[in-house]
Amino acid sequence: MFNGVAAKPVEMRWFFTVDGAASGQDQLNGNETAIGLWGLTNQHHLGLFDALVFKKEIPEIVEEAITLFKKWAHLSPEAFVVEKNGLGVGILQTMASRGLPVIELHKTTDKVRFAHTGIIKMNQGRIFLPRDHRPWKKTVMDQVFIWQGLPDEPDDIVDMFS
């Protein structure tokens, strides 16, 4: 049971989402890389099962991704979904060269519009967080539930959601 959704892990499709912030300038501006492990039920509900939020350069981002992939290998995650723009290109290419399965994400709308879909799904009760304590849960909730789409707001976790 995952926040009311009855699904066994084998009945779920598993994947990671990555929002990268690898440049020194990005990190100086407060941006962080966010990687999340998601489970998708047959009823199209999403559960966030694990998350990492950190400041590192591309090689270390990929190492963190490899560590997460190994940690959750028993669930057979299908891929890392990585935005193919700017810094995402380097992350995506490095992950692929290291043998990680990747899917390119092409965002064609602005951040607020893209995040709107995730917000609607959360309001509909189709995106869940674990009931139990996870070290990352407060950080995720703090950003997701107060984000307004303002230019200087932290949005790395919101991008990982959307």
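Whatever comes next refers back to the structure up there.
Note that the coordinates shown come from a computational prediction; the quantities given were computed from them, not determined experimentally.

Caption draft 1: Geometry of the overall build of the protein. Helices and strands together make up the secondary structure of the protein, namely 6 helices and 6 strands. Listing every helix and strand of the protein by position from the N terminus yields β-α-β-β-α-β-α-β-α-β-α-α. Expressed as a percentage of the 162 residues in the protein, the buried residues total 42%. Sequence-distant contacts, at least 24 apart, represent 56% of the contacts inside the protein between residues at least 6 apart. Carbon and sulfur atoms make up 55% of the accessible area of the protein, which totals about 8,900 Å².

Caption draft 2: Local environment of the pairing of strand β4 (residues 80-83). The alternating pattern of β4 places Phe80 and Val82 and Val81 and Glu83 on opposite faces, both of which are buried. Two elements, strand β1 (residues 13-19) and β4, share 3 bridges in a ladder whose sense is parallel. Pairing of Val18 across the sheet is with Val82, part of β4. Bridge analysis of β4 against strand β5 (residues 102-105) gives 4 bridges, and the strand direction is parallel. Residue Glu83 lies in a different strand from β5, and its bridge partner there is Leu105.

Caption draft 3: Molecular detail of the packing of aromatic side chains. Under the counting rule described, the total for this entry stands at 4 aromatic pairs. For the ring pair Phe16 and Phe80, a centre distance of 4.3 Å and an interplane angle of 10° mean the geometry is stacked. With a gap of 64 residues between them, Phe16 in strand β1 and Phe80 in strand β4 connect regions that are remote in the sequence. No difference in accessibility class separates Phe16 from Phe80, as the two residues are buried.

Caption draft 4: Focus on the sheet that holds strand β3 (residues 46-54). As summarised here, the arrangement of the 6 strands in space is β5-β4-β1-β2-β3-β6, forming an open sheet in which the pairing is mixed. Each edge of the open sheet is held by one strand with a lone partner, namely β5 and β6 (127-128). Bridge count between strand β2 (residues 33-40) and β3: 8 bridges; the pairing is antiparallel. Looking across to β3, one finds that Gly39 is bridged to Gly47.

Caption draft 5: View of a nonpolar patch on the surface. The grouping of Met141, Phe145 and Ile146 at the surface amounts to a nonpolar patch, some 310 Å² of accessible area in total. Looking at where Phe145 falls in the secondary structure, it is placed in helix α5 (residues 137-146). Residue Phe145 is classed as exposed on the basis of its relative accessible area of 52%.

Caption draft 6: Spatial organisation of the pairing of β2. With 7 of 8 residues buried, β2 is to be regarded as a mostly interior element. Relative to β2, β1 runs antiparallel, the two being bridged by 7 bridges. Among the inter-strand pairings, Phe15 is bridged to a residue of β2, identified as Trp38. Between the antiparallel neighbours β2 and β3 lie 5 residues, among them His44 with a positive phi of about 65°.

Rules used in this analysis
- Residues numbered from 1 in each chain as written.
- Predicted model: local features only at pLDDT ≥ 70, side-chain atom pairs only at ≥ 80, totals over all residues.
- Heavy atoms only, no water.
- Helix = DSSP H or I, 4+ residues; strand = E, 2+ residues; numbered from the N terminus.
- Buried < 20%, exposed > 50% of the residue type's maximum accessible area, 1.4 Å probe, protein only.
- Contact = heavy atoms within 4.5 Å.
- Areas by Shrake-Rupley, 256 points an atom, 1.4 Å probe, with all protein chains shown as cover.
- Pairing = 2+ DSSP bridges.
- Phe/Tyr/Trp six-rings, centres within 6.5 Å; stacked < 30°, edge-to-face > 60°.
- Patch = residues over 30% accessible without salt bridge, like charges linked within 9 Å, V, L, I, M, F, W, Y side chains within 5 Å.
- Salt bridge = Lys/Arg side-chain N within 4 Å of Asp/Glu carboxyl O.

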